[in-house]
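Given next are the chains, with one letter for each unit.
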Amino acid sequence: VRRNPGEAEFHQAVKEVFESLSPVLKRNPQYVDAAVLERICEPERQIIFRVPWMDDENNVQINRGFRVEFSSVLGPYKGGLRFHPSVYLGIIKFLGFEQIFKNSLTGMPIGGGKGGSDFDPRGRSEGEIMRFCQSFMTELYRHLGEYTDVPAGDIGVGGREIGYMFGQYKRITNRYESGVLTGKGLTWGGSLVRTEATGFGTVFFTEEMAKARGESLDGRRVVVSGSGNVAIYAAEKATELGAKVVGCSDSSGFIVDEEGLDLDLLKQVKEVERARIVEYANRRGSSATFSDTGSIWDVPCDVALPCATQNELNAEHARTLIKNGVKAVSEGANMPCTPDAVALLQEAGVAFGPGKAANAGGVATSALEMQQNASRDSWDFEYTEQRLHNIMIDIHERCAETAEEYGTPGNYVLGANIAGFTKVADAVIALGVI
Ligand code: NDP
């Protein structure tokens, strides 16, 4: 804390991982001798830069850009870019730190990093978004490369923004280096299933947790928070597996739809029109209601999928969910549940899927996009989705087996942290003091 003052989310993420590790350190004193924990907590490189751009009224605007290259012992730095006014170093470092272990868990050769800016895309014109993205990349490009650092999207960064950044990278470097960014459009190097991957993967993981208890998602009531990239496709896959998704949200409030979400309408409102969630209720008819008071976690459900942002589900929400009979909570977002909420859910016997395992499908499919780019190939939807599905089954198995091995069966938090960590720790030692 003294070394990294004021970075509350980063401290929270480190504490959460380290709390799982004492049995590992007891079994592996070499990790302590080689100062592995100290090394993993210190990013290999942190880049902070000015992003100047002109708005539509010809005013000069200044934002701050970040890229934290955390660990490259398993492969090039890999992790998304977030554009949101709340972004500061502590958020990027928490996300980058989580990303190391998540990427390790996928079994793919990728290191961990994260970046972004305090730029707020909300209410900005197309031209402003493009100029911002171009300026951001004009500085960042020198740190990227398919063997060095490969960013992707996150909150506020989707296909449109990746396109503008890829265009600027191509222009500056005079290289069509597809593997430098993932989340690209399908006609210019993108992969099928990448858009859907995080949400689909979260539901595949939840399905595995249910199977491990002899249950399924069929007929279950599901509530998803957020209505962005992760939330929409989590809702889609849950619906496909027979669940009824009765609620979702954005930062202005939440909707409840007792007939189950109309996914075409939701995509039209959120992906095409980029409108507020109340629009969904306005057009859906009598089955849907909008609320801007209370919490989406007050809506009774069997399965809760927090897919919006960090610390959005606290202890009070967890108590309500438990009282309403929730059976599983799986984190589509990064660190959406506060530590006390996680503790309450686990004590109540709720199946809990931590983000680093449950939302790893996005980055895993980004690694599949990199494979396709490297071999100048593109795979069809079914094949790619099958690869994603198998990866999620493997991640679940790895977490479950590790939890069992360390005497805490069913504790996916411990399983994910230990399995993710040991692979990285062994590589840190193998590569020497670098
Ligand atoms: P999007 O920008 O597509 O969507 C974010 C959604 O969450 C929006 O509905 C947004 O509402 C809502 N939201 C954001 N911040 C807040 C807030 N402070 N309070 C309430 N609601 C909020 O982002 P993604 O779907 O890509 O990302 C969602 C989460 O999933 C993040 O935690 C991200 O790190 C994580 N994640 C994403 C991956 C991906 O592949 N995209 C991969 C792995 C994890 P509004 O529009 O009103 O702001």
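Residues numbered from 1 in each chain as written. Predicted model: local features only at pLDDT ≥ 70, side-chain atom pairs only at ≥ 80, totals over all residues.

**What to know about the domain arrangement of the protein**
Phase 1: Domain parsing of the protein yields domain 1 (8-178) and domain 2 (198-358).
Phase 2: Relative to domain 2, the C-alpha centre of domain 1 lies at a distance of 26 Å.
Phase 3: Facing the 12 residues of domain 1 at the interface are 10 residues of domain 2.
Phase 4: Contributing elements (two or more residues each) for the side of domain 1 that touches domain 2: α1 (8-18) and α5 (89-105).
Phase 5: Among the elements that line the side of domain 1 that touches domain 2, the one with the most residues is α5, at six residues. (Domains from an automatic or database assignment. Contact = placed C-beta atoms within 7 Å. Helix = DSSP H or I, 4+ residues; strand = E, 2+ residues; numbered from the N terminus.)

**Here's the deal with the environment of L321**
Phase 1: Relative to the helices and strands, L321 resides in helix α12 (residues 315-323).
Phase 2: With 26 C-beta atoms counted inside 10 Å, the residue L321 sits in the buried group.
Phase 3: A sequence separation of 52 residues divides L321 from V269, and the C-alpha atoms of the two residues are 28 Å apart.
Phase 4: What L321 contacts, discounting residues up to four positions off in sequence, is W297, A304, V326 and V329. (Buried ≥ 20, exposed ≤ 12 C-beta atoms within 10 Å, placed from the backbone.)

**Points about helix α9 (residues 229-240)**
Phase 1: With 12 residues, α9 ought to run about 16 Å at 1.5 Å a step, and its terminal C-alpha atoms sit 17 Å apart, in line with that.
Phase 2: Across the 12 residues that make up α9, a large majority, nine, are buried.
Phase 3: Residues N229, V230, A231, I232, Y233, A234, A235, K237 and A238 constitute the buried set of α9.
Phase 4: A positive backbone phi angle near 95° is found at G242, which sits one or two residues after α9. (Expected span 1.5 Å × (residues − 1).)

**Quick notes on the sheet that holds strand β3 (residues 77-83)**
Phase 1: In space, the five strands of this open sheet follow the order β1-β2-β4-β3-β5, with mixed pairing throughout. The sheet is open, and its two borders are formed by β1 (45-54) and β5 (149-152), each paired with just one other strand. Here the strands of the sheet are splayed against their neighbours by 20° on average, with no regard to which way each runs.
Phase 2: The sheet contact formed by β3 and β5 spans four bridges and is parallel. Counted as the bridge partner of K78 is V150 from β5.
Phase 3: Against the sheet, α5 makes contact with β2 (60-71), β3 and β4 (112-117), and its axis sits at roughly 150° relative to β4, the strand it touches most. (Pairing = 2+ DSSP bridges. Axes fitted to C-alpha atoms, helices over the stretch in contact; angles between N-to-C directions.)

**With respect to helix α8 (residues 194-212)**
Given 3.6 residues per helical turn, the α-helix brings residues three or four places apart onto the same face.
Phase 1: The end-to-end C-alpha distance of α8 is 27 Å, a good match for the 27 Å that 19 residues give at a rise of 1.5 Å each.
Phase 2: Of all bends in α8, the biggest is about 30°, found at F200.
Phase 3: Within α8, 17 of the 19 residues are buried, which leaves it mostly tucked inside the rest of the structure.
Phase 4: G214 lies just past α8 and shows a positive phi near 70°. (Bend = angle between axes of the 7 residues up to and from the residue.)

**Details of the sheet that holds strand β7 (residues 244-250)**
Picture the strands of a sheet paired through backbone hydrogen bonds; they go either parallel or antiparallel.
Phase 1: Across the sheet, seven strands lie side by side as β9-β8-β7-β6-β10-β11-β12; this open sheet has mixed pairing. Of all strands in the sheet, those with a lone pairing partner are β9 (288-291) and β12 (351-353), marking the two edges. Averaged over all pairs of adjacent strands, the angle between strand axes in this sheet comes to 15°, irrespective of strand direction.
Phase 2: Pairing of β7 with strand β8 (residues 253-257), which is carried by four bridges, proceeds in the antiparallel orientation. Residue pairing for β8: G247 is matched across the bridge by V256.
Phase 3: α8 rests against β10 (303-306), β11 (328-330) and β12 of the sheet, and its axis sits at about 150° to β11.

**Regarding the site of the ligand**
Phase 1: Around the ligand, 22 residues are found, and the nearest of them are G226, G228, S251, A333 and G362.
Phase 2: Along the lines of polarity and charge, the residues of the shell around the ligand split into six nonpolar, 14 polar and two charged.
Phase 3: Looking at which domains feed residues into the shell around the ligand, each of domain 1 (8-178) and domain 2 (198-358) gives three or more. (Near = placed C-beta within 6 Å. Nonpolar A, V, L, I, M, F, W, Y, C, P; charged D, E, K, R; others polar.)

**Observations concerning the pairing of β3**
Phase 1: Of all the seven residues making up β3, seven are buried; the element is thus mostly covered by neighbouring parts of the structure.
Phase 2: For β3 and β4, the ladder comprises three bridges, and the chain directions are parallel. When the sheet's bridge partners are listed, F83 is paired in β4 with S117.

**Overview of the packing of α12 against helix α13 (residues 339-347)**
Phase 1: Direction vectors running N to C along α12 and α13 enclose 20°, while the axes themselves pass 8 Å from each other. For the element pair α12 / α13, the angle class is roughly parallel. The crossing of α12 and α13 is right-handed. Contacts from A315, H317, A318, R319 and I322 of α12 reach α13 at D340, A341, L344 and L345.
Phase 2: A breakdown of the residues in the contact of α12 with α13 according to their chemical character gives six nonpolar, one polar and two charged. (Parallel < 35°, antiparallel > 145°, perpendicular 65-115°, else oblique. Left-handed = near helix turned anticlockwise from the far one by under 90°.)

**Some words on the pairing of β8**
Phase 1: A large share of β8 lies buried, amounting to four of its five residues.
Phase 2: Linking β7 to β8, which pair antiparallel, is a turn of two residues.

**Here's the deal with the nonpolar core**
Phase 1: With 126 residues, the main nonpolar core has V222, V224 and A234 as its most contacted residues.
Phase 2: Ranked by residues supplied to this core, first place goes to helix α17 (residues 412-430) with 10 residues.
Phase 3: When near neighbours in sequence (up to four residues on either side) are disregarded, A234 contacts G199, T202, V203, V224, L305, C307 and G332. (Core = buried A, V, L, I, M, F, W, Y, C linked by C-beta atoms within 7 Å.)

**As for the packing of α8 against helix α15 (residues 361-374)**
Phase 1: Interaxial distance between α8 and α15 falls to 7 Å at its minimum, and their mutual angle equals 135°. When the interaxial angle is binned, α8 and α15 end up oblique. For the pair α8 and α15, the sense of crossing is right-handed. Facing R194, A197, T198, F200, G201, T202 and F204 of α8, the residues of α15 in contact are G361, G362, T365, S366 and E369.
Phase 2: Here the contact of α8 with α15 is composed, by residue class, of three nonpolar, seven polar and two charged.

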